[in-house]
Amino acid sequence: MAGVGLRAAARRWLPCPGHGRPRATSSSPSCPGCGPPGPGVPCSAPAPAPAGGSELSAHLWARYQDMRRLVHDLLPPEVCSLLNPAAIYANNEISLHDVEVYGFDYDYTLAQYADSLHPEIFNAARDILIEHYKYPEGIRKYDYNPSFAIRGLHYDIQKSLLMKIDAFHYVQLGTAYRGLQPVPDEEVIDLYGGTQHIPLYQMSDFYGKGPSIKQFMDIFSLPEMALLSCVVDHFLGHGLEFDQAHLYKDVTDAIRDVHVKGLMYQWIERDMEKYILRGDETFAVLSRLVDHGKQLFLITNSPFSFVDKGMRHMVGPDWRQLFDVVIVQADKPSFFTDPRKPFRKLDEKGSLQWDRITSLEKGKIYRQGNLFDFLRLTEWRGPRVLYFGDHLYSDLADLMLRHGWRTGAIIPELEREIRIINTEQYMHSLTWQQALTGLLERMQTYQDAESRQVLASWVKERQELRCLTKALFNAQFGSIFRTFHNPTYFSRRLVRFSDLYMASLSCLLNYRVDFTFYPRRTPLQHEAPLWMDQLCTGCMKTPFLSDMAHIR
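Bear in mind the structure is a predicted one, so any value in this text is a computation, not a measurement.

## Here we look at the pairing of strand β13 (residues 295-299)
Okay, so step 1: The element β13 is extensively covered by neighbouring structure, given that four of its five residues are classed as buried.
Okay, so step 2: As judged from the four bridges shared by strand β5 (residues 101-104) and β13, these two strands associate in the parallel manner. Bridge pairing in β13 places G103 opposite F297.
Okay, so step 3: Here β13 pairs with strand β14 (residues 325-328) via three bridges, running parallel. The residue bridging F297 from the neighbouring strand is V325, located in β14.
Okay, so step 4: For the handedness criterion, the β-α-β arrangement of β13, helix α11 (residues 304-314) and β14 is classed as right-handed.

In structure tokens:
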């Protein structure tokens, strides 16, 4: 395991007798900050740094080479494939033993869809723009590019900028696009008044929609971002004047029409084998929970006829017997906040009934309603309820912050990202990047002309490494979880609104129904272990150094 390799590397540098500074225990090159000890001779005090000029430059490059060797030793072959794509990851401690009631969204939660659905949405919305909104026929030449955008991006409507923003509201330079073309970093900074920072009031409200900037949070937004970028690209490429707000609204309305007119539902219903993934695993999850005495409910914005056909495909004709409550066309997120909308019962054919709802019965179907009546009628409250959904705002935010439910986020992209993280290329690039960053931080005290040239070359190499690791995930925007070293704004909301997150609901099958999830203790900056280069230099008096197996 990786921890074994890291600990072994750390043990190569043990505290020296006398003054606690490490000494080498192998034949590796001695640390530049500590002279080579002779047989039976205590480690000497740190050797003074060279006076300057070429000697100091050589000293810095020697440190650099030492670190390259150390990083190589820290990464044995088994360090890759440490993360399991089928694992569940915890932001907050939660014991499933305490959970009595499980709730689910439908789309991209109970029913996971194939990526082949996205080109269908893109093409249909593109044709709606041309045929109903009278957009130029030239837009029809654009096809859906699945590798262009990622979830969680922000779109500045007035500037026609699609961009990636970190948890501190800074635009990640190199990830701003107008149409299909990257926008130079200098232009991005100029557009925002000489800074990369975007103020909170512009960014978003509680649900990710600011006055002029929208965040694309659900998986269905991938074809929307692609179409928006293609349309802007066509208008700019042909020198056509347009109002940014009108164009944005037309594209979003065309995407909405694909859903409202039921086109997407028709495609899925015609070929469920093609579009619905992991149906047998969904059935296994639900059956297992019921067998262990758990109560289940479904709250979805999708219509009953569509949900019924999908659940019959995945679970069977008696699927409703697994659920204590089924609510369709719930109109989330207002379902969680607006107490005025009453529940309506549907008959077996999906027609509305007129009787007053005084209880929610098992096997029956209800439409719309609100969470306040739901809580009153079921008495399912607080942390004994765990609800799963894919949309951090519409599915999870209100439930966690306002009502104290436990929440689980379904993030299908997680599986692919973990497989990339497990590659040798990513692991070596990231580890060396961190080591090089540590060297830069510690060696920046040397400010003579030759040392500054060395440091500048390291800064350039670090930036190249950052771009390399970013491109492994997506050439334009990188990982949905990271903006270089910072979490993305998407990650910030994921941590805030979910106790657990996973690639699919089927990940529950890997754990007992009484399993307790413990989040990893992520060190704060003042708690963080040493930069990796300090494992080699021995400049810190750290009694726990020999046991330290973490990399900052």
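Now, onward.
## Digging into the UniProt feature "binding site: Mg(2+)" (unreviewed entry) in the chain
Okay, so step 1: The sites that carry the UniProt feature "binding site: Mg(2+)" (unreviewed entry) are, in the present numbering, D105 and D390. The largest pairwise C-alpha distance within this set of annotated residues, which runs over 286 residues, is 7.7 Å, so the set is compact in three dimensions. Residues that both appear in the annotated list above and line the second largest pocket are D105 and D390.
Okay, so step 2: For D105, the position within the fold is in the loop between β5 and β6 (112-113).
Okay, so step 3: Given the relative accessible area of 6%, D105 is considered buried.

## Points about the side chain of H234
Okay, so step 1: Topologically, H234 is positioned in helix α6 (residues 221-237).
Okay, so step 2: Once residues within four sequence positions are removed from consideration, H234 is found in contact with P136, G138, I139, Y142 and L240.

## Let's talk about the sheet that holds β13
Okay, so step 1: Strand order in this open sheet of nine strands is β3-β21-β18-β17-β5-β13-β14-β16-β15, and the pairing throughout is mixed. Either end of the sheet is taken by a strand with one partner, and the two such strands are β3 (89-90) and β15 (343-346).

## A few points about the UniProt feature "binding site: GMP" (unreviewed entry) in the chain
Okay, so step 1: Sites flagged by UniProt as "binding site: GMP" (unreviewed entry) map to D107.
Okay, so step 2: Apart from the residues lying within four places of it in its own chain, the contact partners of D107 are Y113, F220, T300, S302, F306 and D390.

## Considerations on the pattern of salt bridges
It is possible for side chains of opposite charge to pair when their charged atoms get near one another.
Okay, so step 1: The tally for this structure, following the rule as stated, stands at 32 salt bridges.
Okay, so step 2: Ionic contacts of the salt-bridge type, sharing partners, join the residues R126, D127, E131, E137, R140 and D143 into one network.

## Let's talk about the environment of N84
Okay, so step 1: By secondary structure assignment, the location of N84 is in the loop between α2 (53-74) and β3.
Okay, so step 2: The sequence separation of N84 and I418 amounts to 334 residues, and the corresponding C-alpha distance is 7.3 Å.
Okay, so step 3: Leaving out residues up to four positions away in the same chain, N84 has contacts with Y89 and I418.

## Describing the packing of helix α3 (residues 117-131) against helix α7 (residues 244-260)
Okay, so step 1: Contact geometry for α3 and α7: axes closest at 8 Å, N-to-C directions at 120 degrees. As judged from the angle between their axes, α3 and α7 are oblique. Remark: the crossing between α3 and α7 carries right-handed chirality. Here I121, A124, A125, I128 and L129 of α3 lie close against α7, whose contacting residues are D250, V251, A254, I255, D257 and V258.
Okay, so step 2: Split by residue class, the contact of α3 with α7 holds nine nonpolar, no polar and two charged.

Reading guide: rules and limits
- Here the residue numbers are simple positions, counted from 1 along each chain's written sequence.
- For a predicted model such as this one, the threshold for reporting local features is a pLDDT of at least 70, and the threshold for listing and counting side-chain atom pairs is 80 or more; totals across whole chains, interfaces and linings nevertheless cover every residue.
- The side-chain numbers reported here are obtained from all heavy atoms of the structure, hydrogens and water having been left aside.
- Any residue under 20% of the maximum accessible area for its type is buried, any over 50% is exposed, and the rest in between are partly exposed; the area is computed with a 1.4 Å probe on protein chains only.
- Labels follow the DSSP assignment, with helices taken as runs of H or I lasting at least four residues and strands as runs of E lasting at least two, numbered in each case from the N terminus.
- Any two strands with at least two DSSP-identified bridges between them are counted as paired.
- The handedness of a crossover follows from its direction of travel: if, with the strands pointing away from the viewer, the path from the first strand over the helix to the second runs clockwise, the crossover is right-handed.
- UniProt positions are given in the numbering used here, feature names are shortened, and annotations may be inferred rather than shown by experiment.
- Cavities and pockets are defined on a 1 Å grid built over the protein atoms alone: a cavity is a set of grid points where a 1.4 Å probe fits but cannot escape, while a pocket is an open set with protein on both sides within 12 Å along at least five of seven lines, and lining residues are those with an atom within 4 Å of any such point.
- It only takes one pair of heavy atoms within 4.5 Å for two residues to be counted as in contact.
- By definition, a salt bridge exists where a carboxyl oxygen of Asp or Glu is found within 4 Å of a side-chain nitrogen of Lys or Arg.
- For helices, the axis comes from a line fit to the C-alpha atoms of the stretch in contact; other axes are also lines fit to C-alpha atoms, and the angle between any two N-to-C directions lies between 0 and 180 degrees.
- In these notes the angle categories are as follows: under 35 degrees is roughly parallel, over 145 is roughly antiparallel, 65 to 115 is roughly perpendicular, and the rest is oblique.
- Crossing handedness is defined as follows: a turn of the near helix away from the far one that is anticlockwise and smaller than a right angle gives a left-handed crossing, while the clockwise case is right-handed.
- Lys, Arg, Asp and Glu make up the charged group, whereas Ala, Val, Leu, Ile, Met, Phe, Trp, Tyr, Cys and Pro make up the nonpolar group; the residues left over, Gly among them, are polar.

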